[in-house]
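This is what each chain is made of:
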Amino acid sequence: MAQQYNNPNAQNIKKRYAILVFIKGSTAPLVLYVQDYQEFYNELVNLMQSSQSVLVERETEGPVKRVCFASNQIAAVAIQEEQYI
């Protein structure tokens, strides 16, 4: 921890947020980078609470450029904060 205060690059550390979507039966979550992560998170939570299955299709900004999945296959969602330089 002390090194971070002596690190000249410490001011260059930025934060980005990813939405993690855990799909039923999958071992790893989908890691999605979107512009408004909080809005997308709330949308997914509302879809999980609904008894009606909806197809979720979204363009993203990270390595995954476009994703599509059924809302009734979502086991959990999370917001992950990442630090980068």
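A short tour of the structure in this document, coming up.

## Some points on the sheet that holds strand β2 (residues 30-32)
Then comes step 1: The strand order β2-β1-β5 describes an open sheet built from three strands, whose pairing is antiparallel. A single partner strand is all that each edge strand has here, and the edge strands are β2 and β5 (74-84). Sheet twist, expressed as the mean angle between neighbouring strand axes with direction ignored, is 25 degrees.
Then comes step 2: Note that strand β1 (residues 14-23) and β2 share three bridges and pair antiparallel. Pairing of Ile19 across the sheet is with Leu32, part of β2.
Then comes step 3: On top of the sheet, helix α2 (residues 37-49) reaches β1, β2 and β5; it is set at about 165 degrees to β5, its chief contact.

About the cut-offs
- Residues numbered from 1 in each chain as written.
- Predicted model: local features only at pLDDT ≥ 70, side-chain atom pairs only at ≥ 80, totals over all residues.
- Heavy atoms only, no water.
- Pairing = 2+ DSSP bridges.
- Helix = DSSP H or I, 4+ residues; strand = E, 2+ residues; numbered from the N terminus.
- Axes fitted to C-alpha atoms, helices over the stretch in contact; angles between N-to-C directions.
- Contact = heavy atoms within 4.5 Å.

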